[in-house]
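If you want the building blocks of each chain, they are given just below.
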Amino acid sequence: MAFGWIDEQAELRRRAGLVRTLRPRPAESPLLDLASNDYLGLARHPEVTEGAAAAARTWGGGATGSRLVTGTTELHGELERELADFCGFEAALVFSSGYAANLAAVTALAPHGSLIVSDAGNHASLIDGCRLARGTTQVVAHADPDAVRKALGTHDGPAVAVSDTVFSVDGDAAPLAALAAACREHGAGLVVDDAHGLGVLGAGGRGAPAAAGLAGADDVVVTVTLSKSLGSQGGAVLGPARVVDHLVNAARTFIFDTGLAPAAAGAALAALRLLRREPQRAARARAVADELYTRLTAAGLEAVRPDAAVVSVRAPSPEKAVRWAADCRAAGLAVGCFRPPSVPDGVSRLRLTARADLSGAELERAVRVIDETRP
């Protein structure tokens with residue numbers, strides 16, 4: 001029978017407690033949200049939603065084609081210029097998603113004969129980029145610059161090291177300055193995904209590369225998403241102009257994908273401008289994460305100290321993690337639930353996201369619910 005193996009896979013997932021289901025949310029929810037990636041609380045900000053609406057009224061509901069045909073509007077160019085300026089890079093290129101941006105950066109910058117050194121904790125999009133690239137990939141220990149240095153030392157041709165700046169599972173930050181130093185010793189490039197750093201780290205939320213003094217470096221390429229701190233959708237690659245020109249000509253997820261919808265570009269641009277005016281939002285997101293961690297550990301829960309806005313709480317098993325998250329939801333709190341294969345170490349977690357607009361009372365309520373429903 002065609003696709004008969006699917007039933008076997010479904011049964012294996014059920015036995016392992018790894019079944020995933022879609023849960024459509026209403027426009028207005030009574031739940032306290034610690035599950036979304038809306039770090040700065042901008043997804044519903046009036047200026048951001050009006051930015052989306054105005055762009056749709058002006059440019060239409062869709063981009064109408066790939067970026068190289070009809071999918072590039074003046075709005076896309078405006079967003080790229082302001083995003084590059086804000087983050088301190090020479091140029092930027094906007095994609096339909098952060099996933100597409102990562103695939104583009106890794107595949108286009110790792111041709112046949114090159115070496116990719118990839119952190120063991122990298123996001124799935126970076127991993128998939130490594131799989132699709134024509135270069136050879138070597139996976140190294142998590143957040144270990146010496147391991148990167150050793151791997152690069154085995155290769156004579158072109159090479160890049162690839163890493164998240166803030167890892168999405170535990171919220172720990174990569175040692176970017178040390179990684180850059182290891183790459184420079186061997187003439188290698190550094191490609192980093194700042195999805196969880198933009199809007200949270202660096203002066204006024206300019207990102208982890210800016211905080212590490214790497215913004216604008218000619219050997220550093222950064223990918224970002226517009227769907228987290230900027231409350232919109234889409235992604236971008238930031239770096240030297242010659243790298244961006246290369247992506248326009250070589251990145252398949254740019255050449256063959258429909259351009260980012262104007263509404264998403266308009267929302268992201270409005271959010272970026274708002275962050276420029278209100279840089280304190282970045283510091284507030286970090287402060288909320290620190291307070292959340294302090295309260296959780298004071299309650300005796302095993303939480304990981306956050307380097308940005310992600311806080312994880314360890315769970316005993318996949319099944320108990322799912323039950324814990326469901327019990328939190330029943331008590332009015334939405335939390336993320338990370339289980340294998342989404343976690344590289346096989347340890348299931350509740351994943352909490354700190355938002356700049358959370359109040360002290362909301363944090364107290366969240367910790368109380370998590371504590372009272374613990375397995």
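Residues numbered from 1 in each chain as written. Predicted model: local features only at pLDDT ≥ 70, side-chain atom pairs only at ≥ 80, totals over all residues. Heavy atoms only, no water.

Under the annotation held in an unreviewed UniProt entry, the protein carries the name 8-amino-7-oxononanoate synthase and is attributed to Streptomyces phaeofaciens. According to its UniProt record, the protein has this under Subunit (unreviewed entry): "Homodimer." UniProt lists a comment for the protein under the heading Catalytic activity (unreviewed entry), and it reads "6-carboxyhexanoyl-[ACP] + L-alanine + H(+) = (8S)-8-amino-7-oxononanoate + holo-[ACP] + CO2". (UniProt positions renumbered as here; feature names shortened; annotations may be inferred.)

Draft legend 1. Structural detail: the sheet that holds strand S6 (residues 189-193). Spatially, S2-S8-S7-S6-S5-S3-S4 is the arrangement adopted by the seven strands of the open sheet, whose pairing is mixed. Each of the sheet's edge strands pairs with one partner strand only, and the pair in question is strand S2 (91-95) and strand S4 (136-140). Adjacent strand axes in the sheet meet at a mean angle of 20°, parallel and antiparallel pairs treated alike. Sheet topology places strand S3 (residues 115-119) next to S4; five bridges connect them, and they run parallel. (Pairing = 2+ DSSP bridges. Helix = DSSP H or I, 4+ residues; strand = E, 2+ residues; numbered from the N terminus. Axes fitted to C-alpha atoms, helices over the stretch in contact; angles between N-to-C directions.)

Draft legend 2. Up close: the packing of aromatic side chains. Within this structure, the stated rule accounts for one aromatic pair. Aromatic pair Phe-95 and Phe-254: ring centres 5.6 Å apart, planes at 70°, arrangement edge-to-face. On the criterion of sequence distance, the pair formed by Phe-95 in strand S2 and Phe-254 in helix H10 (residues 252-255) is long-range, its members being 159 residues apart. Of the residues examined, Phe-254 reaches a relative accessible area of 4% and is grouped as buried. (Phe/Tyr/Trp six-rings, centres within 6.5 Å; stacked < 30°, edge-to-face > 60°. Buried < 20%, exposed > 50% of the residue type's maximum accessible area, 1.4 Å probe, protein only.)

Draft legend 3. The arrangement of the UniProt feature "domain: Aminotransferase class I/classII large" (unreviewed entry) in the protein in detail. Per the UniProt entry, the sites bearing "domain: Aminotransferase class I/classII large" (unreviewed entry) are residues 31-370 in this numbering. With 42% helix and 16% strand, the stretch residues 31-370 has end C-alpha atoms that lie 14 Å from each other.

Draft legend 4. Examining helix H6 (residues 145-152) more closely. Where H6 is concerned, the buried positions are Pro-145, Ala-147, Val-148, Ala-151 and Leu-152. Buried positions in H6, seen along its axis, are confined to an arc of 160° and lie on one side of it. Exposed side of H6, more than 90 degrees from the buried face: Asp-146 and Lys-150 are the residues found there. (Arc of directions from axis to C-beta.)

Draft legend 5. Up close: the environment of Val-310. Within the fold, Val-310 resides in strand S9 (residues 310-314). Taking the relative accessible area as the measure of exposure, Val-310 reaches 1% and is therefore buried. Residues Val-310 and Gly-65 lie 245 residues apart in sequence; the distance between their C-alpha atoms is 35 Å. Filtering out sequence-adjacent residues up to four positions away, Val-310 remains in contact with Tyr-39, Ser-168, Val-169, Asp-170, Gly-171, His-196, Arg-351 and Leu-352. (Contact = heavy atoms within 4.5 Å.)

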